[in-house]
Amino acid sequence: MQLVNIVGPLDAYSETAQAVIKTECFHPENIRNVLRGFSHLLPYEDENPYRPLLKKAKELAALAGKDDAETDVDTGTDVAEMSERIDKLHQNTAKIDEKIQNIKNAIFEEEQVASQLDVLSETDCDISDLFKLEFIKFRFGKLAKTVYNRLSFVEDEKLFIFIPTSINTDCVWGMYFAAAENIEYVDSIFASLQFERKFLSSKIHGNPSEARRLLTEEIEESEKALKEAETHKKELLTEAKSYSGAVLRTVDLLNETEELKKFCGKTGKNFYMAGWVPSENIKDFEKELIEYIEQGHTLQETGEKYGFTYKEMRDFKTRYNRNQRKLAAGIAVKPKGRPRKDGTALPPSVQQLSKLSQLQYELASKERYIKRLEMENELMRDFLSLTQRK
């Protein structure tokens, strides 16, 4: 990993930051830790306008499902418009969910009423009239069949009348009637008989057979409305999925660009950025720059394409040419920092080159080593001649 410093004009920050982020190999370092003592360096204090929008888009994507496919949805770049549309999609989805739940509750209630009508099938009276009785009260429910068979012993008191409406294998459904002044006492009697009371729905009108027919029609209409609401919800979720995916793809890079400002600094004219990049990525980028220059483009054109000034490109080309001359002469381009403990291996800068260049470097190094030995040998001969030792 190598620490890279990036400096550029303030108006080029966004373009530079996005290019750095797209490399996916840049690990930012706090610039204040790199440029310590630089008093003119100021932090970015801008509030990130994309963070709340990104949060909303992720919540909508979690609700509708993540859309990885590229779509033609045009989200624009206005944060307020995107936020407003996401809020509207959230509200519409919540409303349709509430509508679906209300319809399901209505169907459940209608089915409960239908189950009551099923045990009132042998009753041929207007059920709604029972709720209009003033001096007589009634209760509807079920008794165990064994208790119903012994009910005649209690019924002798003539305080109530029990009318069965449906007799099943284990229980008997029915209604008991009593005078309004005796209803509490009669209720206690039936409570001791474990009478399970069921409250009849006020939606029942007419005799049970007529009410059952009307109720069946209501259930069919409710189920139809439920299907329409679920279809509408599916369409809303499809729209929310595609739009939230498009917003995420648009805003994600802009949000990262703003978040990167936490690690950067600025002066009156320039921005400053630092980060760690793998060595092989730097070599690949340098190779790309050199190939572009060798195609006949000037340093000015290369800088405009890759976002560098002419001075930066000139300095880069000077360093590159100097390093190439050193390699051709068998002089290793030493990296910054402490030298390697293992001196037998090729330097990292040479290891990045082709096999032919590495061989040329080794031959040049051996030639330099031979020349050094020849000079030492000649110096030793001169020394011996001076001391007259043969």
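Refer to the structure printed above.
Computed from a predicted structure; not experimentally measured.

K.L.:
It is not clear to me how the pattern of salt bridges should be interpreted in this structure. Could you clarify?
P.N.:
Proximity of charged atoms lets side chains of opposite charge pair with each other. Counted under the stated rule, the structure contains 14 salt bridges. Residue glutamate 259 is joined to lysine 262 by a salt bridge in which the shortest nitrogen-to-oxygen separation is 2.7 Å. Glutamate 376 is the salt-bridge partner of arginine 372, the closest N and O atoms lying 3.2 Å from each other. Here the residue arginine 372 and the residue glutamate 376 both occupy positions in helix α14 (residues 355-386), the gap between them amounting to 4 residues, near one helical turn.

K.L.:
Honestly, the sheet that holds strand β7 (residues 196-197) in this entry has me stumped. Any pointers?
P.N.:
The strands making up a sheet are joined through hydrogen bonds of the backbone, oriented either antiparallel or parallel. Read from one edge to the other, the open sheet built from 4 strands follows the order β5-β6-β4-β7, with strand pairing classed as antiparallel. The sheet is open, and its two borders are formed by β5 (160-167) and β7, each paired with just one other strand. As judged from the 7 bridges shared by β5 and strand β6 (residues 171-179), these two strands associate in the antiparallel manner. Opposite phenylalanine 162, over in β6, you have tyrosine 176 as the bridge partner.

K.L.:
Just checking my understanding: could you explain the packing of aromatic side chains for this structure?
P.N.:
The geometry of an aromatic ring pair comes down to the distance between the two centres and the angle between the two planes. All chains considered together, the criterion is met by 11 aromatic pairs. With centroids separated by 3.9 Å and ring planes inclined at 10 degrees, the aromatic side chains of tyrosine 176 and phenylalanine 190 adopt a geometry described as stacked. With tyrosine 176 in strand β6 and phenylalanine 190 in helix α8 (residues 183-192), this pair connects stretches of sequence that are 14 residues apart. Among the residues examined, phenylalanine 190 registers a relative accessible area of 0% and is labelled buried. Above the face of the tyrosine 243 ring, arginine 85 is positioned so that its terminal group lies 4.1 Å from the ring centre.

K.L.:
Sorry, what's going on with the packing of helix α4 (residues 79-118) against helix α9 (residues 208-259) here?
P.N.:
A pair of packed helices can be characterised by two numbers: the angle between their axes and the separation between those axes. It is at 8 Å that the axes of α4 and α9 come closest, and there the two elements cross at 160 degrees. Of the possible angle classes, the one that applies to α4 and α9 is roughly antiparallel. The two elements α4 and α9 meet at a crossing, and its hand is left-handed. Residue classes in the contact of α4 with α9 are distributed as 23 nonpolar, 4 polar and 13 charged.

K.L.:
Is there a simple way to explain a negative patch on the surface in this structure?
P.N.:
Taken together, Glu111, Glu218, Glu220, Glu221 and Glu223 make up a surface patch of like negative charges. With 4 residues, α9 is the single largest residue contributor to the negative patch. Here glutamate 218 is to be found in helix α9. Among the residues examined, glutamate 218 registers a relative accessible area of 38% and is labelled partly exposed.

K.L.:
Looking at this structure, I do not really get the pairing of strand β4 (residues 136-144). What am I missing?
P.N.:
Looking at chain direction, β4 and β6 are connected through 9 bridges and run antiparallel. In the sheet register, glycine 141 faces β6, and the bridge partner there is glycine 174. Sheet topology note: the β4/β7 ladder contains 2 bridges and is antiparallel. Bridged to lysine 142 within β7 is glutamate 196.

K.L.:
Looking at this model, I keep getting lost on the pairing of β6. Mind explaining?
P.N.:
In regular strands, side chains alternate between the two faces of the sheet. Counting buried residues along β6, 8 of its 9 residues qualify, which places the element largely inside the surrounding structure. Joining the antiparallel neighbours β5 and β6 is a turn of 3 residues.

K.L.:
Mind showing me how you'd approach a nonpolar patch on the surface here?
P.N.:
On the surface, Leu133, Phe135 and Ile136 cluster together into a nonpolar patch covering about 300 Å² of accessible area. Relative to the elements of secondary structure, phenylalanine 135 occurs in the loop between α5 (127-130) and β4.

K.L.:
Whenever I open this one, the environment of leucine 254 confuses me. Can you help?
P.N.:
Along the chain, leucine 254 falls in helix α9. Along the sequence, leucine 254 and asparagine 48 sit 206 residues apart, while their C-alpha atoms lie 9.4 Å from each other. What leucine 254 contacts, discounting residues up to four positions off in sequence, is Gln18 and Tyr50.

K.L.:
Just checking my understanding: could you explain the side chain of threonine 93 for this structure?
P.N.:
Mapping threonine 93 onto the fold places it in helix α4. Once you skip the residues sitting within four places of it in the chain, threonine 93 turns out to touch Leu63, Leu236 and Leu237.

Conventions adopted
- Residues numbered from 1 in each chain as written.
- Predicted model: local features only at pLDDT ≥ 70, side-chain atom pairs only at ≥ 80, totals over all residues.
- Heavy atoms only, no water.
- Salt bridge = Lys/Arg side-chain N within 4 Å of Asp/Glu carboxyl O.
- Helix = DSSP H or I, 4+ residues; strand = E, 2+ residues; numbered from the N terminus.
- Pairing = 2+ DSSP bridges.
- Phe/Tyr/Trp six-rings, centres within 6.5 Å; stacked < 30°, edge-to-face > 60°.
- Buried < 20%, exposed > 50% of the residue type's maximum accessible area, 1.4 Å probe, protein only.
- Lys NZ or Arg CZ within 6 Å of the ring centre and 35° of its normal.
- Axes fitted to C-alpha atoms, helices over the stretch in contact; angles between N-to-C directions.
- Parallel < 35°, antiparallel > 145°, perpendicular 65-115°, else oblique.
- Left-handed = near helix turned anticlockwise from the far one by under 90°.
- Nonpolar A, V, L, I, M, F, W, Y, C, P; charged D, E, K, R; others polar.
- Patch = residues over 30% accessible without salt bridge, like charges linked within 9 Å, V, L, I, M, F, W, Y side chains within 5 Å.
- Areas by Shrake-Rupley, 256 points an atom, 1.4 Å probe, with all protein chains shown as cover.
- Lys, Arg positive; Asp, Glu negative; His and termini not counted.
- Charge placed at Lys NZ, Arg CZ, Asp CG, Glu CD.
- Contact = heavy atoms within 4.5 Å.

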